[in-house]
Every structure is written in C-alpha cells, then in structure tokens.
Amino acid sequence: DTSHQARSVSSRPYYSLPNSSHERRSVLALTEPPRFHSQAKGKNVRLDAHSRKATRRNSFCNGVTFTNRPIHLYEKVRLKLVAVHHGWSGALRFGFTIHDPSQMSSEEIPKYACPDLVTRPGYWAKALPERFAVRDNILAFWVDRHGRVFYSINDEEPILFHCGIKVSGPLWALIDVYGITHEVQILDSVFAETMSTARLSTARLSTCLPQSNHDSANFNNNELENNQVVAKIANLNLSRVPGLGTDNHIIPCCPNRRQHAQGVPAFLDTDLRFHPTRGPDITFSQDRMVACTNWQESNRTLVFSDRPLHIGESLFVEVGHLGLPYYGALSFGITSCDPSTLRTNELPADPDFLLDRKEYWVVYRAFPVLNSGDILSFMVLPNGEVHHGVNGASRGMLMCVDTSQSLWVFFTIHGVINQLKILGTVQSSPVTVSPSGSPGGSQYDSDSDMAFSVNRSSSASESSLVTAPSSPLSPPISPVFSPPEPPSSKNGECTVCFDSEVDTVIYTCGHMCLCNTCGLKLKKQLNACCPICRRVIKDVIKIYRP
C-alpha cells in the first residue's frame, strides 16, 4: 500500500533514522525543504520573501537564526555563502539545538551564538574556520545517530566538527551569520551517507584542533565597530572641507604627521623602503617610503620591506587614515621569503593563506585601535622575541620567531587604516637583560601582556611552524621606549581556556602562558606545541608562588 508507506514515512519522528536510501529519498520528497525561522532571529537579520536567504544588516553580530523545522538525522543542512565582507574577525557559527525556536521570544536571542548560546544547556555550535568562509562556497553540516556533527565544504571530504549532541529528541539547526559572513542562502537538503569506520578514520578531526577564542573575536569586532563610528564622524567633517577631492592620488598619505613625534629618535636611517613587489591594491610614493590603499577596492594590500630586518634593529612606521567608514585594520608579519621571488598575482587578500607556503611565515593581525599619525615600532631580539611599541610606549612582545635566517617584515593595510609610511630604522645598543629575558629587568613580556597578544593574534596556526631558540645573549633594546607600567599582582589568564590563572611553564621554550589543567591536556596531544612560539612541548611544569 503506497499511501500507507507514505504515511508511515512522513509520520516518522525527525530524530529517528531512515532505514534505507529509498526511505531517505521519500522523507525528503514528503518534507518541505528547510527555511529560516521567520520569527526566531537576531535583530540584525533580514530574510527574503521565501525565508531562504538571511542577510545581516549593520554590525558584525545579532545574526543568530534557526531553521523553521527540526532536521532529520543524516539530513544535510546546506548553506551557500552569498556574501563575505572581510574586515571583521571570525566567520559563520553553526550547530544544533534541542530548543524549539517557535517558543523563543526575541529577547531570548542573544548577540552571539558563541559563547552566549553554547554556554546554555541544549545548544551546540562552533565557528567555521575563516579559510573556508569564501564567497559561493557551499557548507553542508549534519548530525548522525551517535550525536556526531560533520561538515563539508563544496562536497569535499567530511570533517568531524562536534561530538556529544543529544539525538533522543528533535534538533533544529542553529546558524549565526557572524563576522565576515554577511549573507547565506539555505539550499535544498540531501541525506548524507552513513560514515563507515574506515571512512571515519580518514575524516579530519576539527574537534581535536583548538578553537579560536570567541570572546577575543567579539572584543576585536566591538573595537572595530567603535572605530567605524569615529570614522564616519571624521568623514562627515572631511566632507565639509572646501577643495578636498576624492581622488586617492591627490590626497597626501599620512597627513598632519607629527614632526617631532614622541618616542621617535632624532636621527633615523632611511635605507629600508617598501619592496616593489606589492598587492595590486597598493600605491607607492615615488621613493617607496609611503604605501596607500585604493579607497574603493583595498583587498589585496600586502607590502614587504625591501631588505631583511637586522637583529636588534628597530623599525618605525606611521599609520594614517582619513576617516573612511570601512572595517579592518593593520596586520604585521615576518617571513623568510625574499619578496623578489614572489609575483603580484600570488599575493592573497588574507595573509593567513601564506602560512601554507614552504617558507617561514608568522602573522599578527589584531592591533588595538590606532589613530591617524600613531607611530609603531618593531624590533627582533636575538632570542627571537619580536617586541613593539606605540608612540614610544612599550606594548610588549608580539611573537617569537626563528632568527637563524634572514627575516623580512610585511604588512597588510585594511579598512580605516589606509596609509603606512616608513619613518626609518635605528640599530639599538645592547643593554643589560634580566634573567627573565626582559630588557632592563622589567616585565617587558609579563604574563598579562602575553595573554593579550595571544588572544588577539592569528599567528598560532597549525601550518606556521614557529620556533624560538633560546639564546644566552643579551638582547638590545631601543632607548626610545618609556618604561612599561608595573605588572599587576595577577599572573594573567590562561591562553587556552581564558579563565584560570597562569601557573605553568612550558619546557623547553620557557613560556608561561597556561594553567596546569590546560597544560597537561595540551601535552597529551599529538605534536603539541607552545601557543606562543609553536615550539614542541617536551614537558609542562607547575609553578608554586609564595
């Protein structure tokens, strides 16, 4: 009886398992394709007339959405990334919930899926890695009868994403149109094949990789949003200035530069310039000391130094912007790759894509909000630590690098920061270094500063192999830095859980950035390495303070 079979299939609970491929096809044929829930959504979400497309208007958050019906086991929720706007931190968050969105009020839906929702019982979600958040990519994710969530990009091999989902009841898909993800479209569903043991063993296990810190991404985006408001006000003021054109080539880079900026030495060497190899959206001054982005299109903006930075040499650069109402900021990095070996068409918009190259690459991409005319300084110490300062004030360590090879510096210029000028370099003289490795005996790389740098850095990539060999040499320091503030009584937060206090040192690199619980867990992982310098962890040692 065909009608009886149809009734039995259509009445099957969502959380039960269709027994055959024919039955799965029948389920999809009798079930309406999933749509976005028309009521349960964040305040910045706008749906099209068919509730198949969700667009986030304004800001980077308040983009939480749900499906309008429960999702079957093994049913793939398929999303097309229609629009991706770079400049924010983080990308789409997705997962499942046991809570019926129809029973939710708008006040119950928070700004963020992570960590706001996932800290509540019955919600499971994680972030899509930014390297997969590419326009027109198709993300598919599903849950199996064992409570495991898998996802795939463009029908490639599945990736194990989450475990421990409660599958004894109905599950709705949870989708947060977050960060750089601006618009998604939900496509018709298909059923995934049951994962065999052999195939499961070859699936990449993203659950074994450390997730990016959600609080850090949210903090960075809030900083950028505040900066956008300031930029809009500045842009309105600029529009009232008579005779100010809108052609990028007639506007001087880094206007109103402080002639006697605080912390800049009176005499600087000017032999270091930008390398001719640059992103196609960059314009150089005639002497290659100033790099400006194009106003309308400024995606591929990589610039390099034309020679390696010497050990103990301080590089001074000035940033500038004209109040453009765009997102994004400055990124800084160090590489062993000679820029003359690169081609313009090889330079990506996102510097993280460079980490997969065979050369040595390290990236730091989340500076605090900078003002036009701010002076940044960068210096590589003999022990591999890279320190930086802003307007003559030390900001501590950014990263650790391998000083056994020649190292070029590079920048990407995005958003409100659209101008960068090299002021010059100065070779620092050696000074006495305390046993902790900090210049002048101060906590130059205190635990609190270290946690701050790691929270906001993307250099801890599994594909960037960063080592920092210990060195008994006394590192030089620029005399222009003012003494840092005295360290607080706290030891800083663990760079893994961002909750417990730091009380563990890593052997052999010596970085103190973990709590003992996270340190022991990290040590057990395959090829475990330091979150700061990526050096292999041989042991973790708990520190007891009086």
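These figures come from a predicted structure and were not determined experimentally. (Residues numbered from 1 in each chain as written. Predicted model: local features only at pLDDT ≥ 70, side-chain atom pairs only at ≥ 80, totals over all residues. Heavy atoms only, no water.)

Caption draft 1: Summary view of the overall build of the protein chain. Along the protein chain, the regular secondary structure elements total seven helices and 28 strands. Burial statistics for the protein chain: of 546 residues in total, 54% are counted as buried. Here the contacts in the protein chain between residues at least 6 apart in sequence split such that 74% fall between residues at least 24 apart. (Helix = DSSP H or I, 4+ residues; strand = E, 2+ residues; numbered from the N terminus. Buried < 20%, exposed > 50% of the residue type's maximum accessible area, 1.4 Å probe, protein only. Contact = heavy atoms within 4.5 Å.)

Caption draft 2: Region of the structure containing the sheet that holds strand S19 (residues 313-320). Ordered by their spatial adjacency, seven strands build an open sheet running S16-S17-S26-S19-S22-S23-S24, and the pairing between neighbours is antiparallel. The sheet terminates laterally at strand S16 (282-284) and strand S24 (393-400), the two strands that pair on one side only. Going across the sheet, the axis of each strand differs from the next one's by a mean of 25 degrees, ignoring polarity. Pairing analysis gives five bridges linking S19 to strand S22 (residues 375-380), with the strands arranged antiparallel. Bridging across to S22, Phe316 finds its partner in Ser377. (Pairing = 2+ DSSP bridges. Axes fitted to C-alpha atoms, helices over the stretch in contact; angles between N-to-C directions.)

Caption draft 3: Structural detail: the packing of aromatic side chains. Per the counting criterion, the structure on display carries 18 aromatic pairs. Centre to centre, the rings of Phe378 and Phe411 are 5.7 Å apart; their planes meet at 65 degrees, and the pair counts as edge-to-face. Placement of Phe378 in strand S22 and of Phe411 in strand S25 (residues 408-413) is noted, with a sequence separation of 33 residues between them. Each member of the pair, Phe378 as well as Phe411, carries the same accessibility label: buried. Grouping aromatic residues by their ring pairs yields a cluster made of Phe94, Phe96, Phe132, Phe141, Tyr151 and Phe161. A cation over a ring is seen here: Lys76 above Trp142, with NZ or CZ 4.9 Å from the ring centre. If you follow Arg131 out to its NZ or CZ, it ends over the ring of Phe132, 4.8 Å from the centre. (Phe/Tyr/Trp six-rings, centres within 6.5 Å; stacked < 30°, edge-to-face > 60°. Lys NZ or Arg CZ within 6 Å of the ring centre and 35° of its normal.)

Caption draft 4: View of the sheet that holds strand S6 (residues 93-97). Within the open sheet, the five strands sit side by side as S1-S4-S11-S6-S7. Their pairing is antiparallel. Looking at which strands have only one partner, the edges of the open sheet turn out to be strand S1 (36-41) and strand S7 (123-127). Across the sheet, the mean angle separating the axes of adjacent strands is 25 degrees when strand polarity is ignored. Sheet analysis places S6 next to strand S11 (residues 172-176), joined by five bridges and oriented antiparallel. What sits directly across from Gly95, in S11, is Leu174.

Caption draft 5: Highlighting the pattern of salt bridges. Applying the stated rule across the entire model yields 10 salt bridges. Here Glu183 and Lys53 are joined by a salt bridge, their closest N and O atoms 3.8 Å apart. Of the two residues, Glu183 sits in strand S12 (residues 181-186) while Lys53 sits in strand S3 (residues 53-56), which places them 130 residues apart along the sequence. Its relative accessible area of 27% is what places Lys53 among the partly exposed residues. (Salt bridge = Lys/Arg side-chain N within 4 Å of Asp/Glu carboxyl O.)

Caption draft 6: Representation of the pairing of strand S18 (residues 302-305) within the structure. Of the two faces of S18, the one carrying Leu302 and Phe304 and the one carrying Val303 and Ser305 are both buried. Relative to S18, strand S15 (residues 274-278) runs antiparallel, the two being bridged by two bridges. Bridge assignment links Arg278 to a residue of S18, and that residue is Val303. As judged from the three bridges shared by S18 and S25, these two strands associate in the antiparallel manner. The residue of S25 that forms the bridge with Leu302 is Thr412.

Caption draft 7: The arrangement of the nonpolar core in detail. Core analysis: the biggest nonpolar cluster contains 41 residues, and Leu92, Leu128, Leu139, Phe141 and Tyr151 have the highest contact counts within it. Elements that contribute at least two residues to this core include exactly strand S5 (75-84), S6, strand S8 (138-143), strand S9 (149-153), strand S10 (159-162), S11 and S12. Sequence-distant contacts of Leu92, that is, excluding residues within four places in its chain, are made with Leu79, Leu81, Lys126, Ala127, Leu128, Leu139, Ile175, Asp176, Val177, Tyr178, Thr181 and Val184. Membership of the second largest hydrophobic core comes to 34 residues, among which are Phe284, Met289, Leu309 and Val409. (Core = buried A, V, L, I, M, F, W, Y, C linked by side-chain atoms within 4.5 Å.)

Caption draft 8: Summary view of the environment of Ser406. Tracing the backbone through its elements, the reader meets Ser406 in the loop between S24 and S25. Among all residues touching Ser406, those that are not within four sequence positions of it are Pro308, Thr335 and Ser336.

Caption draft 9: Region of interest: the confidence of the model for the protein chain. Here the protein chain averages 74 in pLDDT, while 66% of its residues score no lower than 70. Counting interchain partners and residues more than four positions distant, the pLDDT-below-50 stretch residues 205-212 has 13 contacts. With pLDDT under 50 throughout, residues 231-260 is counted as low confidence; its partners more than four residues away or in other chains account for 45 contacts. (pLDDT = per-residue confidence, 0-100.)

Caption draft 10: How the structure looks around helix H7 (residues 516-524). For H7, every residue scored as buried is listed here: Asn516, Cys518, Gly519 and Leu522. All buried residues of H7 fall inside an arc of 160 degrees around its axis, so they share one side. Summarising the geometry of H7, the exposed residues directed more than 90 degrees from the buried face are Lys521 and Lys524. Against the buried residues of H7 lie strand S27 (504-507) and strand S28 (539-542). (Arc of directions from axis to C-beta.)

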